[in-house]
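Listed below are the residues making up each chain.
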Amino acid sequence: MAAAPRLCCSRIGSNSLINSGRLLSVDSKVDEKRCPETLLDVCAKVVAFHIPFQRIEERYDRIPEPVQKRIIYWSFPRNERDICMYSSLSSDSNSCSDYQKLPFYRGLRLYESGCVENVLQVGFHLSGIVAAPKTSNNNTHPNFSENDKRCRVSITFDRCKITSVTCTCDTKDIFWCQHVVALALYRIRNADSVRLRVPISETLLQLDRQQLQKLVQYLIAEHQLNFKPTKKFWADDFSLKTKRLLTDSRGPPADEEHSWHLDEEQVGEQVRTYLSQGSYYSANKQLNCLFSKVKEMLRAKDSNGGRMLRLITEQFLADPRLVIWHSQGTPMTDKCRQLWDQLGALWVCIVLNPHCTATERAHWKTYLEKWASMHVCPLEDADFRPMRGNNNSRRRLLVDDTSSDSSDEDNDRPKERSLSSSGHHRPGTSQLRTIFHRALKSLKFYAGIFLP
């Protein structure tokens, strides 16, 4: 028997959602008589959370179908807070009047309106159709657009994490659309009623040569318009589609990166758009929302926190205003300075995260050193003004501070660089500290304290 679904008590608009009574509704299974889980379910739940399905297939020649079904059943995320985190901004940026516009709340309304249908789970691939709610006149609800009428949604998951999502609504945003949310909530709250099939690879193993040929002929007849005209490209296209279908149903490879789905392209595009708007209030508010989302991921021990911060940092360093400020020797605006200070502080949190592995720290160190060596990288000292000189006087930003440790006060104070009259470095002087200096020093501190 499946455990009762956990109600979403996320901080994302939590007060507003609780007051509305829509999210924290009474669970239909709370009052039912509880029974202890079977040993199969207990073991399958642990295996589904920790072990890739590919490793299980490599270890055993044949896995009984009931065992496969229970592992696949428990491999889908069980906590609605995770769905909420990837479909909404942080609670620090949401007001009571904004929460109804969030994709999570819109998806919740679609689910409660009974708009999710034809849900099927084949292995580690979940699919379904999400339609717009109907009014009393059998018309589309006015709060939903034409694109919301009928959307096909596909979700791929592995080890209780959603690894990829697709939806025919083609919504371009950092967060998941309301249709993905509706399907995910349906699977969490109605797990026992979802049609469940073992991975398609197991079905293919049970077919003989003649049956496989008939299957291929059927697929060609049904999807002939999707294939390329020539035989060579047709065969390659068919092979690619079949391989993708098998991968989705069996789960991703064991050595593949295992993390929640995050659209990197959209993160970069959104940050670039916000930065291009200058110091407008709404743009700075949205960027602060993204910083709050990184903090939320760190609190949830989600590895995507550092990944998202890396994407934000790359767009910050690509801001064309940095080149103008550097060439003219003018300081950046106060709003931009506050954003950069938050960025540097968050990188300190990333590298000192106790759940961060040594490999990840080495990975982040490479990025930090690369960014700190860029000539447009802002300095830690906001009041520093570079001296005007020839082209040889352009500052070199530090990657590693080799100065001796005199005192904590000296280490924390930004060090000034003395220049000769020609604008060159004087021998033996310390270099300037960039905005990433504290993160690099934190890496050294962690290595000296915790590593042998």
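Cut-off values and rules
- One numbering rule holds for all chains: residues counted from 1, following each sequence as written.
- Given that the model is predicted, a residue must reach a pLDDT of at least 70 before its local features are reported, and side-chain atom pairs must reach 80 or more before they are shown or counted; all residues, however, enter totals for whole chains, interfaces and linings.
- Excluded from the side-chain calculations are hydrogens and water; all other atoms, namely the structure's heavy atoms, are used.
- Think of it this way: DSSP has to see at least two bridges between two strands before they count as a pair.
- To qualify as a helix, a DSSP run of H or I must reach at least 4 residues; to qualify as a strand, a run of E must reach at least 2; elements of each kind are numbered from the N terminus.
- For helices, the fitted line uses only the C-alpha atoms of the stretch in contact; every axis is such a line through C-alpha atoms, and the angle between N-to-C directions lies from 0 to 180 degrees.
- A contact between two residues is defined here by any heavy atoms of the two lying within 4.5 Å.
- UniProt positions are given in the numbering used here, feature names are shortened, and annotations may be inferred rather than shown by experiment.
- In these notes, a set of buried Ala, Val, Leu, Ile, Met, Phe, Trp, Tyr and Cys residues joined through side-chain atoms within 4.5 Å is what counts as a nonpolar core.
- Each residue is assigned to one of three classes by its accessible area relative to the maximum for its type, calculated with a 1.4 Å probe on protein chains only: buried under 20%, partly exposed between the two thresholds, exposed over 50%.
- Take a side-chain nitrogen of Lys or Arg and a carboxyl oxygen of Asp or Glu: if they are within 4 Å of each other, that pair is a salt bridge.
- Paired rings are identified among Phe, Tyr and Trp, the last through its six-membered ring, by centres lying within 6.5 Å, and are further divided according to the angle between planes into stacked (under 30 degrees), edge-to-face (over 60) and tilted (the rest).
- Counting as a charge over the ring demands two things of the Lys NZ or Arg CZ atom: a distance within 6 Å of the ring centre and an angle within 35 degrees of the ring normal.
- An angle counts as roughly parallel when it lies under 35 degrees, as roughly antiparallel when it exceeds 145, as roughly perpendicular when it falls between 65 and 115, and as oblique in every other case.
- Helix crossings get a hand from a simple test, with the near helix turned counterclockwise from the far one by less than a right angle marking a left-handed crossing and a clockwise turn marking a right-handed one.
- Throughout this entry, Asp, Glu, Lys and Arg are counted as charged residues, while Ala, Val, Leu, Ile, Met, Phe, Trp, Tyr, Cys and Pro are counted as nonpolar. The remaining residues, Gly among them, count as polar.
- Helix span, as expected, comes to 1.5 Å for every residue beyond the first.

The name given to the protein in an unreviewed UniProt entry is Zinc finger SWIM domain-containing protein 4, with the source organism recorded as Argiope bruennichi.

Participant: Before we move on, can you summarise the sheet that holds strand S2 (residues 125-131) with the specific residues and values?
Facilitator: Read from one edge of the open sheet, five strands run S4-S3-S2-S1-S5, paired in mixed fashion. A strand with exactly one partner marks an edge of an open sheet, and here the two such strands are strand S4 (161-167) and strand S5 (195-197). Averaged over all pairs of adjacent strands, the angle between strand axes in this sheet comes to 20 degrees, irrespective of strand direction. Looking at chain direction, strand S3 (residues 150-158) and S4 are connected through six bridges and run antiparallel. When the sheet's bridge partners are listed, serine 154 is paired in S4 with threonine 166. Together, strand S1 (116-122), S2, S3 and S4 form the strand contacts of helix H7 (residues 178-189), whose direction differs from that of S3 by roughly 60 degrees.

Participant: Give a description of the UniProt feature "domain: SWIM-type" (unreviewed entry) in the protein that names residues and reports values.
Facilitator: Using the residue numbers shown here, the UniProt feature "domain: SWIM-type" (unreviewed entry) corresponds to residues 151-188. From the first C-alpha to the last, residues 151-188 spans 19 Å; its make-up is 29% helix and 39% strand.

Participant: Can you lay out the nonpolar core for me, pointing to particular residues and giving the numbers?
Facilitator: Membership of the largest hydrophobic core comes to 92 residues, with the highest contact counts inside it found for Ile155, Phe316 and Trp347. For this core, the element with the highest residue contribution is helix H15 (residues 334-351), accounting for nine residues.

Participant: Tell me about the pattern of salt bridges, and name the residues and values.
Facilitator: Side chains bearing opposite charge may pair, as long as their charged atoms lie close to each other. Per the stated rule, a full pass over the model turns up 16 salt bridges. Arginine 70 serves as the salt-bridge partner of aspartate 41, at 2.7 Å between the closest nitrogen and oxygen. Placement of the pair is aspartate 41 in helix H2 (residues 39-50) and arginine 70 in helix H4 (residues 65-74), with a sequence separation of 29 residues. Comparing aspartate 41 with arginine 70 shows no difference in burial state: the two are buried. Glutamate 314 serves as the salt-bridge partner of arginine 310, at 3.3 Å between the closest nitrogen and oxygen. Here the residue arginine 310 and the residue glutamate 314 both occupy positions in helix H13 (residues 304-317), the gap between them amounting to four residues, near one helical turn. Here glutamate 314 falls in the partly exposed class, since its relative accessible area comes to 28%. The network of salt bridges with shared partners includes Glu264, Arg307, Arg310 and Glu314.

Participant: Break down the packing of aromatic side chains for me, with residues and values.
Facilitator: By the definition in use, this model includes 16 aromatic pairs. Clustering of aromatic rings is evident, with ring pairs tying together Phe291, Phe316, Trp340, Trp347, Trp364, Tyr367, Trp371 and Phe436. Above the plane of the ring of tryptophan 74 lies lysine 45, whose end atom (NZ or CZ) is 4.5 Å from the centre. Positioned above the aromatic ring of tyrosine 73 is the side chain of arginine 187, whose terminal nitrogen or guanidinium carbon lies 5.3 Å from the ring centre.

Participant: Provide a residue-level description of the packing of H15 against helix H16 (residues 358-372), including the pertinent values.
Facilitator: Interhelical geometry of H15 versus H16 gives an angle of 155 degrees and a closest axis separation of 10 Å. Judged by the inter-axis angle, H15 sits roughly antiparallel to H16. Where H15 crosses over H16, the two elements pack in a sense that is left-handed. The segment H15 lies against H16, with Trp347, Ile350 and Val351 engaging Arg361, Trp364, Leu368 and Trp371. Residues that form the contact of H15 with H16 fall into these classes: six nonpolar, no polar and one charged.

Participant: Break down unusual backbone geometry for me, citing the residues and quoting the values.
Facilitator: Positioned with a positive phi, asparagine 118 is a non-glycine residue whose angle comes to about 55 degrees. One can find asparagine 118 in strand S1. Judged by relative accessible area, which is 49%, asparagine 118 ranks as partly exposed. One non-glycine residue, lysine 301, lies in the positive phi region at around 60 degrees. Note that lysine 301 resides in the loop between helix H12 (281-299) and H13.

Participant: Outline H15, supporting the account with residue identities and numerical values.
Facilitator: For H15, built from 18 residues, the straight-helix expectation of 26 Å at 1.5 Å per residue is met to within 8% by its first-to-last C-alpha distance of 26 Å. Among the residues of H15, those classed as buried are Cys336, Arg337, Leu339, Trp340, Leu343, Gly344, Leu346, Trp347, Val348, Ile350 and Val351.

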